[in-house]
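Working through the structure, step by step
Each chain, written out:
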Amino acid sequence: PTSAQVSAVPQPGRFRYTLDNDVLTTEQRQFYEDNGYLLVKKLVSDEDIERFRKEFVRICKKEVIPLGAMIMKDESLKSQYGQSEEVVNKVQDFQEDKELFRYCTLPEVLKYVECFTGPNIMAMHTMLINKLPDSDKQTFLHPMHQDLHYFPFRPAARIVCSWTAMEKANQDNGCLVVQPGTHKMPLKPHGYPKWEGKANKLFHGLLEEDEKTPKVHLVMEKGDTVFFHPLLIHGSGINKTSGFRKSISCHFASSECYYVDVKNTIQEDLEKELVEMVHKKYNTTSVELRDIWNFRARLVQGERINL
């Protein structure tokens, strides 16, 4: 379903997840309110997507090494393909890469983001995903999860993900799968799935999944963009084709959001794992989750208040 299939009669004061704006129709606001996501067709231009794709290839070849970016690879393919896009599954935290970070500043994207966050907008978390063809050794399936599990800031309603398909995404190549309406649920316990073989580092999933909750596969064309709430349960399937399935995304938050202490909560284990990774990578003596997010966060519109 897309927003166009929903009709709604305006009722002032009933919107919890969007702010008053002149961008979204009442139908679109109601759709997001009910489902926790909104698909906007052909939002990002082919020219921009081509530029992002070229920069990704440069990063894969190590022609560009963005500061602080985490380049995730399938090591089992390295001997076969060397340094190339056949090996790199994800570039995370690309905020220091001028070309890729342009995505987070595109006026056509921010116009929609502001409907969820308000005018003071921070880019908090960036990713370019290159879903590789599935291999026997490593599955690039992302289990069903809620993104808020990773975030030590609130309120959830002022956080939104913008996720843009860089080529056609469908069930064959592992498109996004969402469970409409689950954004109204609380944050659930996450951890590593009990799968055979190796789980991807930090690819946490719900520890208990309700199989009866309906799922929607988001079939998207190049440039289509979905905006979704950080509590919406979602994931992606495996890529059964011989090609790649690229997407670029950013989690935005209002700079008026505030940090919360996740100690003694269901997010505590994630904090330990992340801090340990940063210790190893940068050989730091003491670092807190808030420090990691301060390093990632960039103001893209308005003024920086709390985050």
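Details of the structure are given in the entry above.
Below you will find a few notes about this structure. Since we're looking at a predicted model, the values are computed, not measured.

Rules used in this analysis
Residues numbered from 1 in each chain as written. Predicted model: local features only at pLDDT ≥ 70, side-chain atom pairs only at ≥ 80, totals over all residues. Heavy atoms only, no water. Pairing = 2+ DSSP bridges. Helix = DSSP H or I, 4+ residues; strand = E, 2+ residues; numbered from the N terminus. Salt bridge = Lys/Arg side-chain N within 4 Å of Asp/Glu carboxyl O. Buried < 20%, exposed > 50% of the residue type's maximum accessible area, 1.4 Å probe, protein only. Axes fitted to C-alpha atoms, helices over the stretch in contact; angles between N-to-C directions. Left-handed = near helix turned anticlockwise from the far one by under 90°. Contact = heavy atoms within 4.5 Å. Nonpolar A, V, L, I, M, F, W, Y, C, P; charged D, E, K, R; others polar.

**Quick notes on the sheet that holds strand S13 (residues 234-236)**
Think of a sheet as strands paired side by side through backbone hydrogen bonds, with each pair either parallel or antiparallel. As summarised here, the arrangement of the four strands in space is S5-S13-S8-S11, forming an open sheet in which the pairing is antiparallel. What marks the edges here is a single partner per strand, and that holds for strand S5 (142-145) and strand S11 (216-217). Strand direction decides the pairing type here: strand S8 (residues 176-178) and S11, joined by two bridges, are antiparallel. Bridged to Val178 within S11 is Val216.

**Here we look at the pattern of salt bridges**
All chains considered together, the criterion is met by 15 salt bridges. Put simply, Lys41 and Asp224 hold a salt bridge, and the shortest N to O gap is 2.8 Å. With a gap of 183 residues between them, Lys41 in the loop between strand S1 (37-40) and helix H2 (46-60) and Asp224 in the loop between S11 and strand S12 (225-228) connect regions that are remote in the sequence. Ionic pairing is found between Arg102 and Glu99, a salt bridge with its closest N-O pair at 3.1 Å. According to the relative accessible area criterion, Glu99 is buried, its value standing at 16%. Connected through shared salt-bridge partners, Asp48, Arg51, Glu99 and Arg102 make up one network.

**Observations regarding the packing of helix H6 (residues 268-282) against helix H7 (residues 289-296)**
Following both chains from N to C, one finds H6 and H7 inclined at 65°, their axes separated by 9 Å at the closest point. As H6 runs across H7, the sense of the crossing is left-handed. Where H6 approaches H7, its residues Glu271, Leu274, Val275 and Val278 are matched on the opposing element by Leu289, Ile292 and Arg296. Of the residues that constitute the contact of H6 with H7, the class distribution is five nonpolar, no polar and two charged.

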